[in-house]
Amino acid sequence: LKWIDKNDGERMFIYMQTIDPHVPYSPPKAWREKYWNKDYTGPIRPQATGNQLAKIKTKKMKLSAQDKKYLEALYDGEVAFNDHSLGRLLGELQSRGLWDRTIVAFTSDHGEEFFEHGNRGHRQMLYDEVLRVPLLIVAPRSERRAAGPTHCPRQVALCDILPTVLDYVGGPEPENCWGHSLRPLVEGGD
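Below or above, wherever it landed, is the structure these notes cover.

Cut-offs applied
- Residues numbered from 1 in each chain as written.
- Predicted model: local features only at pLDDT ≥ 70, side-chain atom pairs only at ≥ 80, totals over all residues.
- Heavy atoms only, no water.
- 1 Å grid on protein atoms, 1.4 Å probe; cavity = no way out; pocket = protein on both sides within 12 Å on 5 of 7 lines; lining within 4 Å.
- Points joined across faces, edges and corners; volume = space filled by probe spheres on them.
- Helix = DSSP H or I, 4+ residues; strand = E, 2+ residues; numbered from the N terminus.
- Phe/Tyr/Trp six-rings, centres within 6.5 Å; stacked < 30°, edge-to-face > 60°.
- Buried < 20%, exposed > 50% of the residue type's maximum accessible area, 1.4 Å probe, protein only.
- Lys NZ or Arg CZ within 6 Å of the ring centre and 35° of its normal.

1. A look at the layout of surface pockets
Thought 1: Its boundaries defined by the atoms lining it, the largest pocket holds a volume of some 2100 Å³.
Thought 2: Contributing to the lining of the largest pocket are 49 residues, with Ile14, Tyr15, Met16, Ala105 and Phe106 lying nearest its centre.
Thought 3: Taken together, the elements giving at least two residues each to the lining of the largest pocket come down to helix H1 (2-6), helix H4 (65-95), strand S1 (104-107) and helix H6 (161-169).
Thought 4: Per-element accounting of the lining of the largest pocket gives the leading share, eleven residues, to H4.
Thought 5: Computed from the structure, the second largest pocket encloses a volume of approximately 1100 Å³.
Thought 6: The wall of the second largest pocket is formed by 31 residues, among which Leu135, Leu136, Ile137, Cys152 and Val156 lie closest to the centre.

Next up, the structure:
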C-alpha cells in the first residue's frame, strides 16, 4: 500500500503473488479456529504439514478420518485468510479512488486434491481438483457491464490473462502469444 501511495497518479502494474494457501498449512489462529474450534490431539502439526504430506503420499504416515478433516480445516483457514487479505487490498484501492480505473485479475496456479482419487496435493495428476482454478477478471469501471458480473461456463486458460490485460490498456500483444483476449467474455459477450 505504501508503494501504491508513492506512485499514485502514475500508471501502475502490480503483480502480487501470495504463497498461501500452500504448505505448510499454518493459518493464523483466528482463521484456523473458524474451521476447527475443538481440541485436536492427532499427528498433524500446522508447521510440519509440508513434510507430513510427503510422508502421507509415500504411505509412511497414515491418517484417520479426523486427521484428514483437520488437515482440510487448516487449508480452509489459509484460503479464508488469503481471501480476507485480498479483500483488504481491494478495499484500500476503493478508498484511494483507484478502483474505478483498475483491472484486477485473480487466479491460482493449481488446485489441491484432498484424498479424491486417493491422492493428496497437486503433483503428478491431472484431475479437475488440480487443473480447474478460479479466474476472476474485473474490468475498469468504464468497461463494466451495467448488468453486473458474468459467469463464463467455457473453459479458458491462464495464458489468456496477458492478452486480456493488454487489450484493456491498449498495449501490443507480444509475438507468439499463446493466449487470446477474454475482454468480450468479461464484458458479457462471446
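Resuming the write-up.
2. Re the packing of aromatic side chains
Thought 1: Taken as a whole and assessed by the stated rule, the structure comprises seven aromatic pairs.
Thought 2: For the pair tryptophan 36 and tyrosine 40, a centre-to-centre distance of 6.0 Å together with 90° between the ring planes defines the contact as edge-to-face. Taken as a pair, tryptophan 36 and tyrosine 40 share a single burial class, namely buried.
Thought 3: Among the aromatic residues, those joined into a ring-pair cluster are Tyr25, Tyr75 and Phe114.
Thought 4: Taking NZ or CZ as reference, lysine 38 lies 4.7 Å from the ring centre of tryptophan 36, over its face.
Thought 5: The ring of phenylalanine 115 has lysine 68 lying over it, and the distance from NZ or CZ to the ring centre is 4.7 Å.

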